[in-house]
Amino acid sequence: AQSVTQLDSQVPVFEEAPVELRCNYSSSVSVYLFWYVQYPNQGLQLLLKYLSGSTLVKGINGFEAEFNKSQTSFHLRKPSVHISDTAEYFCAVSDHTGGFKTIFGAGTRLFVKA
Amino acid sequence: GAVVSQHPSWVICKSGTSVKIECRSLDFQATTMFWYRQFPKQSLMLMATSNEGSKATYEQGVEKDKFLINHASLTLSTLTVTSAHPEDSSFYICSAPTGTGTSPLHFGNGTRLTVT
């Protein structure tokens, strides 16, 4: 079985500061890793994904994440955040054996302050 | 890009009535769709996997008779909350993979259900 742990429930940060949202996973098989963003009362939007290859993945809105197999982590980073980045961020894992079934972490609320 | 349309975006119903939520893949065929439930300030909980032409697969603890899922075509899955109660009030989100080997999920915008 797979699981995803997001270590921070809330992350407050000032505008233009860097941010890292942490994610650890566990799985007995190879997995695909994703970060999604959710704005209030909306569905989820894909930020980026790791499928294979380069461990540093770049996504939309200036976000990037690094897959670390030895530490089973997939932390999300942005060098300079904007007010508009305030949202809920979800780390997720899926594998082929589950037919694309995706398990989500508990979410991290990023709050960007002026 | 691939689009998943979910309808309605919000609904208010009286206790004891049933509510149907539709999830459509607009520009791709989806043999599989997933239904999630999200409580306020919480993560998404997978309720069931909807399979075109066959029975849905429900996650442990999800009542099959309460949350009826039908996937009658390659572009439409429906979730019916039967005999709704206030505790069923929640945000329901559907999603679908585009079907390629490494595709992520595409999400509908969700349905806010309030049962009075």
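Just so it is clear, the structure is predicted and the values come from calculations on it, not from any experiment. (Residues numbered from 1 in each chain as written. Chains lettered and ligands numbered in written order. Predicted model: local features only at pLDDT ≥ 70, side-chain atom pairs only at ≥ 80, totals over all residues. Heavy atoms only, no water.)

Backbone torsion omega between His-7 of chain B and Pro-8 of chain B reads 0 degrees, so that peptide bond is classified as cis. Secondary-structure assignment places Pro-8 of chain B in the loop between strand 1 (4–7) and strand 2 (10–13). Phi at Thr-72 of chain A is positive, roughly 45 degrees, even though this residue is not glycine. Here Thr-72 of chain A is to be found in the loop between strand 8 (64–68) and strand 9 (73–78). Positive phi, close to 45 degrees, is recorded for Ser-83 of chain B, a residue that is not glycine. As for its placement among the helices and strands, Ser-83 of chain B is situated in the loop between strand 8 (76–81) and strand 9 (90–97). (Helix = DSSP H or I, 4+ residues; strand = E, 2+ residues; numbered from the N terminus.)

Attention shifts here to the interface of chain A and chain B. At the interface, 20 residues of chain A touch 24 residues of chain B. Both sides of the chain A and chain B interface together cover about 1600 Å² of buried area, and 60% of this is carbon and sulfur. Scanning the region where chain A abuts chain B turns up 0 salt bridges. At the level of elements, strand 5 (32–38), strand 6 (44–50) and strand 11 (102–104) of chain A are the ones that each hand at least two residues to the side of chain A that touches chain B. By residue number, the principal contributor to the side of chain A that touches chain B is strand 5 of chain A, which donates 4 residues. The class makeup of the residues in the side of chain A that touches chain B is 10 nonpolar, 8 polar and 2 charged. (Contact = heavy atoms within 4.5 Å. Buried area = accessible area lost by both parts, 1.4 Å probe. Salt bridge = Lys/Arg side-chain N within 4 Å of Asp/Glu carboxyl O. Nonpolar A, V, L, I, M, F, W, Y, C, P; charged D, E, K, R; others polar.)

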